[in-house]
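So you can see what is in the structure, the chains are spelled out below.
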Amino acid sequence: MARRRVIGVVSQKGGVGKSTLCQLIAREAAAQGKQAKILDFDVKQMTSVDWVRERLERDLEPPVEAEPTKNVGKSLKQNRGYDIIVLDGAPGSPKRTAELVPECDIIILPTGASKADLVPTIALARRIAQMSHEAEGPLFALCRILTAAEAAEARATIGAAGFMTLDGELIERPATGRRRISAAAPARPRFPRSTPRPGRSPAPSSTG
Ligand SMILES: Nc1ncnc2c1ncn2[C@@H]1O[C@H](COP(=O)(O)OP(=O)(O)OP(=O)(O)O)[C@@H](O)[C@H]1O
Ligand SMILES: [Mg+2]
């Protein structure tokens, strides 16, 4: 069996799409036959734990698991039997973010395209690059994107700061939130090829 991969999705900003991205990664990994679990570090909101509970209530496939935790080391020891562990970080907690980073094989920073999102996220990326042993450094994921132009501009800004952005974007879809409130279906946002770039593969396979 391939070794377990730990993917950390972190941002100190709230509402940028951390939990949505974690769910997407875990769900796509599970759809590929992998055993996937989300460790939800936002123990107040427990967004991903709730999402998994709703899926269970509705017998939705593929199965994804989640548990709330505050202790990354302990939880990773207790969950050795998985192929993919996705860490759903809590917003606004630099100390907790710092605890998660060394445990990750891949670190993804979800960000919107606005300056207000990019500036603190690039600052976080720089701090993570200094802490992490990952040769490539953290990867940005564009979330809640409205237009191809703003995505392209954000990519350029991130690239100029010396970081990589995953291909594709999680575009802002009003129906995403509505679906999740009604629990009629699991959130299954896609990374559409809204800004195709020749020779590059779409994001889900590169994250999961
Ligand atoms: N692409 C999208 N289109 C529309 N709504 C979205 C999209 N992505 C996320 N949302 C909605 O935005 C809200 C915040 O998303 P999410 O919970 O993934 O962010 P978060 O970074 O985990 O937030 P928090 O910091 O509160 O944990 C949720 O209501 C979610 O359904
Ligand atoms: Mg969240």
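As the structure is a prediction and not an experimental result, all values here were calculated from the model. (Residues numbered from 1 in each chain as written. Chains lettered and ligands numbered in written order. Predicted model: local features only at pLDDT ≥ 70, side-chain atom pairs only at ≥ 80, totals over all residues.)

**Q** Help me out: how do you make sense of the packing of helix 1 (residues 18-31) against helix 2 (residues 47-57) in this one?
**A** In a packed pair of helices, the relevant descriptors are the angle between the two axes and the axis-to-axis distance. At a closest axis distance of 9 Å, the pairing of helix 1 and helix 2 adopts a crossing angle of 45°. Classed by the angle they form, the pair helix 1 and helix 2 counts as oblique. In this structure, helix 1 meets helix 2 at a crossing whose hand is right-handed. Facing helix 1, whose interface residues are Ser19, Cys22 and Gln23, helix 2 presents Thr47, Ser48 and Trp51. (Axes fitted to C-alpha atoms, helices over the stretch in contact; angles between N-to-C directions. Helix = DSSP H or I, 4+ residues; strand = E, 2+ residues; numbered from the N terminus. Parallel < 35°, antiparallel > 145°, perpendicular 65-115°, else oblique. Left-handed = near helix turned anticlockwise from the far one by under 90°. Contact = placed C-beta atoms within 7 Å.)

**Q** It is not clear to me how the environment of Ile171 should be interpreted in this structure. Could you clarify?
**A** Inspection of the secondary structure assignment puts Ile171 in strand 7 (residues 164-171). Overall, Ile171 belongs to the partly exposed group, with 19 C-beta atoms counted inside 10 Å. For the pair Ile171 and Leu146, spaced 25 residues apart in the sequence, the C-alpha separation amounts to 6.0 Å. (Buried ≥ 20, exposed ≤ 12 C-beta atoms within 10 Å, placed from the backbone.)

**Q** Teacher, can you tell me more about the nonpolar core here?
**A** In a soluble, globular protein the nonpolar side chains are often hidden away together inside. Formed by 49 residues in total, the largest nonpolar core has its most connected members in Ile7, Leu21, Ala26, Val86, Leu87 and Ala141. Top element by residues in this core is helix 1. It accounts for seven residues. (Core = buried A, V, L, I, M, F, W, Y, C linked by C-beta atoms within 7 Å.)

**Q** Explanation requested: the pairing of strand 2 (residues 36-40) in the structure shown.
**A** Side-chain direction in a regular strand flips from residue to residue, so the side chains alternate between the two faces of the sheet. Where burial is concerned, most of strand 2 is hidden: five out of the five residues are buried. The alternating pattern of strand 2 places Ala36, Ile38 and Asp40 and Lys37 and Leu39 on opposite faces, both of which are buried. Of the pairings in the sheet, the one linking strand 2 to strand 4 (residues 84-88) comprises five bridges and is parallel in character. Residue Asp40 lies in a different strand from strand 4, and its bridge partner there is Asp88. Crossover connection from strand 2 via helix 2 to parallel strand 3 (residues 65-68): handedness right-handed. (Pairing = 2+ DSSP bridges. Right-handed = clockwise from strand over helix to strand, strands pointing away.)

Nothing here speaks to function; it is all geometry.
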